[in-house]
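Close look at the chain arrangement
Each chain is listed here by its residues.
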Amino acid sequence: MTSKFPSVIPRFRESYTFANKDLSKWFPGHMHKGMKQMQRKLKMVDCILEVHDARIPFSGRNPNFYHLLTAVKPHILVLNKVDLADVTSQKQIEQSLKEQGINKIIFTNCKDQKDRGLKKVLPTVTDLVTNTERYNRVESKEFHLMAIGVPNVGKSSLINMLRHRHLKKGKASRVGALAGITRSVLERIKISEDPPIYLLDTPGILAPSVKNVEVGLRLALCATIKDHLVGEDVIADYLLYWLNKHQNFSYVQYLGIDEPSDDIRLVLLKTAVNLGKTVKVLSSEGSWVQMPNLQAASSHFIKGFREGKFGKVLLDDEFL
Ligand SMILES: Nc1nc2c(ncn2[C@@H]2O[C@H](COP(=O)(O)OP(=O)(O)O)[C@@H](O)[C@H]2O)c(=O)[nH]1
Ligand SMILES: [Mg+2]
């Protein structure tokens, strides 16, 4: 979505700099706690569905987890939200991921019941578990899947979609429990009759891997890190930087401003005025005055991105 304007293109930032480098604040500590529990559950799992956001196929996946656990289990990387992602370079994305040892990749849109990618998930699982000698298990005919991934990438949506597909066939959709190891009970959903495939109905939540500021900001843009941890003003500024760098000026019309700019304050000010959003602030004279609400403008801008208003994007394009 590159629009033809303006006549004089302003100079835009060529790289992103951000003063606050304390990335540790962007990791919610509680996410690490679930890891041990997940590790126990994973012993029962025959195939891992790792879900990630197709707009950031390279950023934010948790490599520790991958090496620790998924490397010894059949693993499928589900790149979800493909409806929002620019995957014209799908082949290159797959190639780059293959170089990292990820061989099974499926692009999905969990908002679309008829999505072709979704239809591929179970056959790929079945193929991987039953036909790969390395993983062939003789003890049991049933197998268990677990969805893992960083927050908000669509793990629950995927589980629901797979469950729904099974329900549609009119078979009993018994939600069974399986007594697991060490006092835990696994809640599971049957999603296939033959072969009997179960999905653990609690997804494994991973902490995103935030290697640097840009990765963190991309994760934030895709809503995998809580907005307040990073700051909506910072997320909005990164969004502006990214769009300008890609000559994507569709935000100008969306925000109702007159021309592209790389100055986030100016953009947010104009946006807030357009939206008619104000906030009361205490002036130095001690009186309350109405000022444009920059926070509301940031939220509006970020929301536009998340709804795909600026077209399909590949935030990680420089990895190709
Ligand atoms: N556009 C789009 N949104 C999706 C897709 N899958 C999930 N979502 C949305 O992303 C948000 C997080 O989804 P959820 O399944 O709760 O993610 P989880 O935290 O990984 O379990 C929700 O608002 C979903 O509606 C998708 O394929 N496309
Ligand atoms: Mg969920």
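Residues numbered from 1 in each chain as written. Chains lettered and ligands numbered in written order. Predicted model: local features only at pLDDT ≥ 70, side-chain atom pairs only at ≥ 80, totals over all residues. Heavy atoms only, no water.

**Regarding the overall build of the protein chain**
Scanning the protein chain from terminus to terminus reveals eleven helices and ten strands. By residue count, 51% of the 320 residues in the protein chain fall in the buried class. Taking the intrachain contacts of the protein chain between residues at least 6 apart in sequence as the baseline, contacts between residues at least 24 apart amount to 70%. For the protein chain, the computed accessible surface area is about 16,300 Å², with 51% contributed by carbon and sulfur atoms. (Helix = DSSP H or I, 4+ residues; strand = E, 2+ residues; numbered from the N terminus. Buried < 20%, exposed > 50% of the residue type's maximum accessible area, 1.4 Å probe, protein only. Contact = heavy atoms within 4.5 Å. Areas by Shrake-Rupley, 256 points an atom, 1.4 Å probe, with all protein chains shown as cover.)

**Some remarks on the pairing of strand S9 (residues 278-282)**
Two elements, S9 and strand S10 (residues 288-292), share five bridges in a ladder whose sense is antiparallel. Across the sheet, Val 279 pairs through a bridge with Met 291, a residue of S10. Hairpin connection between S9 and S10: a loop of five residues separates the two successive antiparallel strands, and Gly 286 in this loop has a positive phi of roughly 90 degrees. (Pairing = 2+ DSSP bridges.)

**Details of the pairing of strand S7 (residues 197-200)**
Side-chain alternation along S7 places Ile 197 and Leu 199 on one buried face and Tyr 198 and Leu 200 on a second face that is also buried. As paired strands, strand S4 (residues 143-149) and S7 are joined by three bridges and run parallel to one another. Counted as the bridge partner of Phe 143 is Ile 197 from S7.

**Remarks on a nonpolar patch on the surface**
Taken together, the side chains of Val 279, Val 281, Val 289 and Met 291 present a nonpolar region at the surface, about 260 Å² in accessible area. For the nonpolar patch, the secondary-structure elements that each account for two or more residues are S9 and S10. Its place among the elements puts Met 291 in strand S10. Take Met 291: its relative accessible area is 40%, and that puts it in the partly exposed class. (Patch = residues over 30% accessible without salt bridge, like charges linked within 9 Å, V, L, I, M, F, W, Y side chains within 5 Å. Salt bridge = Lys/Arg side-chain N within 4 Å of Asp/Glu carboxyl O.)

**Focus on helix H3 (residues 90-99)**
Quick reminder: α-helices carry 3.6 residues per turn. Residues three or four places apart thus point the same way. For H3, the complete set of buried residues consists of Ile 93, Glu 94, Ser 96 and Leu 97. Buried residues along H3 cover an arc of 165 degrees about the axis, so they all sit on one side. Structural note: H3 exposes Lys 91 and Glu 99 on the side pointing more than 90 degrees away from its buried face. On the buried face of H3, the contacting elements are strand S2 (75-80) and strand S3 (105-107). (Arc of directions from axis to C-beta.)

**Side note on the site of ligand 1**
Neighbouring residues of ligand 1: 14 residues in total, closest Asp 83, Cys 110, Lys 111, Lys 155 and Ser 157. Taking Lys 81, its side chain carries an N or O atom lying 3.0 Å from an oxygen atom of ligand 1. Within the contact set of ligand 1, an oxygen atom lies 3.3 Å away from a backbone nitrogen or oxygen of Val 153. Coverage of ligand 1 by the protein amounts to 74% of the 580 Å² it exposes when considered alone. (Near = heavy atom within 4 Å. Polar contact = N/O pair within 3.5 Å; in protein donor to acceptor, adjacent residues only side chain to side chain.)

**Quick notes on helix H6 (residues 213-221)**
With eight of its nine residues buried, H6 lies for the most part within the structure. By the burial criterion, the buried members of H6 are Val 213, Val 215, Gly 216, Leu 217, Arg 218, Leu 219, Ala 220 and Leu 221. Contacts made by the buried residues of H6 are with helix H7 (227-230), helix H8 (232-245) and helix H11 (294-306). Taking the backbone nitrogen of Glu 214 as reference, a side-chain oxygen 3.1 Å away marks Asn 212 as the first, capping residue of H6.

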